[in-house]
Amino acid sequence: MAVSLIIGLGLWLVPAPSGLTAPAWHLFAIFLATIVGIILKAAPMGALSIIAMAVCAATGVLAPDGDSGDKVSAALSGFSNGTIWLIVSAFFAARAVIASGLGERLAYLFVKVFGKSTIGLAYGLGLADLVTSPAIPSNTARSGYVYPVMISVAKAFGSEPDSKESRRKLGTYLAMTTYNLNLAVSVIFFTGAAPNAMSAKLAEAAGVTGVNWPGWLMASVVPGMVGVIVVPLVIYAMNKPTIRRTPDAAAMASRELKRLGKVTAHEWVTLGVFVMMIILWVMGDSFMSATTVALLGLGALLLTGALTWDQMKAEKSAWDTLTWFAALVMMGTYLNDLGFIGWLGDNVGAHMHGMSELVAFAVLTGVYALTHYLFASGTAHTASMFGVFLGVGLALGLPGVPLTVFLGAIPTLMGCLTHYGNGPAPLYFGSGYVELGAWWRTGFVVGLVHMAIWLVIGPLWWSVIGVW
């Protein structure tokens, strides 16, 4: 915490650079101190966010000419943001998927259908993750039912983490693949991970339009799905399991499905509500806003009893997300409104002029991807650097929608690089199935594959749909 305070106070006392107003510079000092605190884990992210909002209100940097009411309203403006409530509502509704047992049932169902081979098992678990990702904006939460199924399958085939030979049977491959598919599917849907919506909101403040629920899906679906298909094959080549055929997996999944019993009324209700939510989200804001759809779905789950208020109160991750999301989006929005992002983008972009559009796009996103080695959270990565890289890209004249979607996806996709790079990483690494060196080597190659897919297939697809 002391380091954050020193950095923030030091920047505050330095005069604003030429071309930048004092409020913009002072807000950047508060923002940077908050991000450093998040990276260093000086305190919980929610606590740091509350402190940041309090400092913004007390100093008046957001409304330097307004009265005290304006200053407080500006500091708390993030809580009225519709995108934030879309994600938070989805977090609450996702509890019904987990609590009802629907998530676990779907995971075993896909194992039963696809589990005749090792690669089939991986794709089956990945598909269970994929079909629930539109409704569950936390890849950590989805791991809560996919991970136990993966562990059960590995151990059912005698693959234990206590020796290299035993790990190689099945466990290493499944652990690496299930984790990386969890990341890959998270970037396809707008509500698949919190950084997606955060990126879209920050981009909207910078003047980028068209990155709503259907807009994100249209831009991400082709490169995203190619990544989902390719990743298990790449990991298979690097961590080839000794067990290649798993005919007994389907039988094991059948036993587990029998244990779960008949589909309950709450599971049917939850499934029906989420299908309707996805249909309405795909129809777009012209029919009904995505946030309204999420709130209606949440209300339906509460009304039918598939979700209870006590379960909502106990959903700590949702309340935590509401707090830090509101604070970070508020500061990111005002950094843009006060001119800081534009100023920084123009100054950094000046050093990149002369590059072709595609080269500039590749350099910018490549550097952004490498910076994920510094982060243990896709959210922290997005909050601290997205606005800067977006500003540079826009200053260079790069297309706004592809830039927003790819920069929004990178903090999640690059969770592959390290064993701390994303929320589920410690869970899968902690299984003991993957050695540290193998994790980092495989992660680096998977990261290169993702970048290649998005930089080659991405522009081709974006040209087809008219956003490049």
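Residues numbered from 1 in each chain as written. Predicted model: local features only at pLDDT ≥ 70, side-chain atom pairs only at ≥ 80, totals over all residues. Heavy atoms only, no water.

1. Re the overall build of the chain
Each helix and strand counted, the chain has 23 helices and zero strands in total. The C-alpha radius of gyration computed for the chain amounts to 22 Å, which stays within 12% of the reference 23 Å derived for 468 residues, consistent with globular compactness. Taken along the three principal axes of its C-alpha coordinates, the chain extends 70 × 50 × 45 Å. Buried residues in the chain amount to 56% of all 468 residues. Of the contacts formed within the chain by residues at least 6 apart in sequence, a portion of 78% connects residues at least 24 apart. Of the roughly 18,000 Å² of accessible surface on the chain, 67% is carried by carbon and sulfur atoms. Taking the average place of the 23 positive charges on the side chains of the chain and the average place of its 20 negative ones, the gap between the two points comes to 16 Å. (Helix = DSSP H or I, 4+ residues; strand = E, 2+ residues; numbered from the N terminus. Rg over C-alpha atoms; globule rule 2.2 N^0.38 Å. Buried < 20%, exposed > 50% of the residue type's maximum accessible area, 1.4 Å probe, protein only. Contact = heavy atoms within 4.5 Å. Areas by Shrake-Rupley, 256 points an atom, 1.4 Å probe, with all protein chains shown as cover. Lys, Arg positive; Asp, Glu negative; His and termini not counted. Charge placed at Lys NZ, Arg CZ, Asp CG, Glu CD.)

2. Looking at the packing of helix H19 (residues 357-370) against helix H20 (residues 378-395)
Between H19 and H20, the least distance of the axes is 11 Å, while the angle of their chain directions is 165 degrees. Between H19 and H20, the angle is such that the two are roughly antiparallel. Taken as a pair, H19 and H20 cross one another with a handedness that is right-handed. Of the residues in H20, those touching H19 at Leu364, Val367 and Tyr368 are His381, Thr382, Met385, Phe386, Phe389, Val392 and Gly393. (Axes fitted to C-alpha atoms, helices over the stretch in contact; angles between N-to-C directions. Parallel < 35°, antiparallel > 145°, perpendicular 65-115°, else oblique. Left-handed = near helix turned anticlockwise from the far one by under 90°.)

3. Observations concerning the nonpolar core
If you look at the biggest cluster of nonpolar residues, it comprises 155 residues, and the most contacted ones within it are Cys56, Leu62, Val153, Met331, Phe340 and Trp454. No other element matches helix H17 (residues 316-337), which puts twelve residues into this core. Taken domain by domain, this core gets at least three of its residues from each of domain 1 (1-79) and domain 2 (82-194 + 210-316). Discounting residues that sit within four places of it in the chain, methionine 331 has contacts with Leu27, Ile30, Phe31, Thr34, Ala52 and Cys56. (Core = buried A, V, L, I, M, F, W, Y, C linked by side-chain atoms within 4.5 Å. Domains from an automatic or database assignment.)

4. Things to note about the packing of aromatic side chains
A complete count under the given rule lists 18 aromatic pairs for this structure. Look at tryptophan 25 and phenylalanine 28: their rings are 5.7 Å apart centre to centre, the planes differ by 40 degrees, and that puts the pair in the tilted class. You can see tryptophan 25 and its partner phenylalanine 28 sitting in helix H2 (residues 22-39), three residues apart, about one turn around the helix. Accessibility assignment for this pair places tryptophan 25 and phenylalanine 28 in one class, buried. Taken together, the aromatic side chains of Phe361, Phe406, Trp454, Trp462 and Trp468 make up a single cluster linked through ring pairs. (Phe/Tyr/Trp six-rings, centres within 6.5 Å; stacked < 30°, edge-to-face > 60°.)

5. Re the pattern of salt bridges
In this structure the tally under the stated criterion is six salt bridges. Its salt-bridge partner being arginine 142, residue aspartate 129 comes within 2.3 Å of it at the nearest N-O pair. Placement of the pair is aspartate 129 in helix H7 (residues 118-132) and arginine 142 in helix H8 (residues 139-156), with a sequence separation of 13 residues. For aspartate 129, a relative accessible area of 1% gives the class buried. Put simply, arginine 167 and glutamate 435 hold a salt bridge, and the shortest N to O gap is 3.0 Å. Taken together, the residues arginine 167 in helix H9 (residues 164-169) and glutamate 435 in the loop between helix H22 (425-429) and helix H23 (436-465) connect sequence positions 268 residues apart. A relative accessible area of 40% means that glutamate 435 is categorised as partly exposed. (Salt bridge = Lys/Arg side-chain N within 4 Å of Asp/Glu carboxyl O.)

6. Thoughts on the packing of helix H14 (residues 265-283) against helix H15 (residues 290-304)
At a minimum axis separation of 10 Å, H14 and H15 run at an interaxial angle of 165 degrees. Relative to H15, the element H14 is oriented roughly antiparallel. Note that H14 runs across H15; the crossing there is right-handed. For the pair H14 and H15, contact is made by His266, Val269, Thr270, Val273, Phe274, Met277, Leu280 and Trp281 and by Ala290, Val293, Ala294, Gly297, Ala300, Leu301 and Thr304, respectively. A per-class count over the contact of H14 with H15 returns eleven nonpolar, four polar and no charged. (Nonpolar A, V, L, I, M, F, W, Y, C, P; charged D, E, K, R; others polar.)

7. Some thoughts on the domain arrangement of the chain
Taken domain by domain, the chain comprises domain 1 (1-79) and domain 2 (82-194 + 210-316). Here domain 1 and domain 2 have C-alpha centroids that lie 37 Å from each other.

8. Structural notes on a nonpolar patch on the surface
Among the surface-exposed residues, Val263, Trp268, Leu271, Val275, Met276, Ile279, Met283 and Phe287 lie close enough to one another that they form a single nonpolar patch of about 750 Å² accessible area. Mapped onto the elements of the fold, phenylalanine 287 is located in the loop between H14 and H15. (Patch = residues over 30% accessible without salt bridge, like charges linked within 9 Å, V, L, I, M, F, W, Y side chains within 5 Å.)

9. Some details on helix H11 (residues 194-205)
Structural remark: α-helix, 3.6 residues per turn; residues separated by three or four positions point the same way. Along its twelve residues, H11 runs 17 Å from first to last C-alpha, staying within 8% of the 16 Å computed at 1.5 Å per residue. On its buried face, H11 is in contact with helix H5 (82-100), helix H10 (171-186), helix H12 (213-238), H17, H20 and helix H21 (400-413). Two residues or fewer past H11, glycine 207 is found with a positive phi of approximately 95 degrees. (Expected span 1.5 Å × (residues − 1).)

10. Regarding the layout of surface pockets
Taken as a whole, the largest pocket holds about 750 Å³ of empty space. As for the largest pocket, its lining consists of 33 residues, and the residues nearest its centre are Met45, Ala376, Ser377, Thr379 and Gly423. Looking at the lining of the largest pocket, the elements with two or more residues in it are H2, H5, H8, H11, H17 and H20. Counting residues per element, the lining of the largest pocket draws most heavily on H17, which supplies four residues. (1 Å grid on protein atoms, 1.4 Å probe; cavity = no way out; pocket = protein on both sides within 12 Å on 5 of 7 lines; lining within 4 Å. Points joined across faces, edges and corners; volume = space filled by probe spheres on them.)

11. Digging into H10
Helix length check: H10 (16 residues) gives 23 Å between terminal C-alpha atoms against 22 Å at 1.5 Å per residue, within 8%. Counting buried positions over the 16 residues of H10 gives 16, a clear majority of the element.

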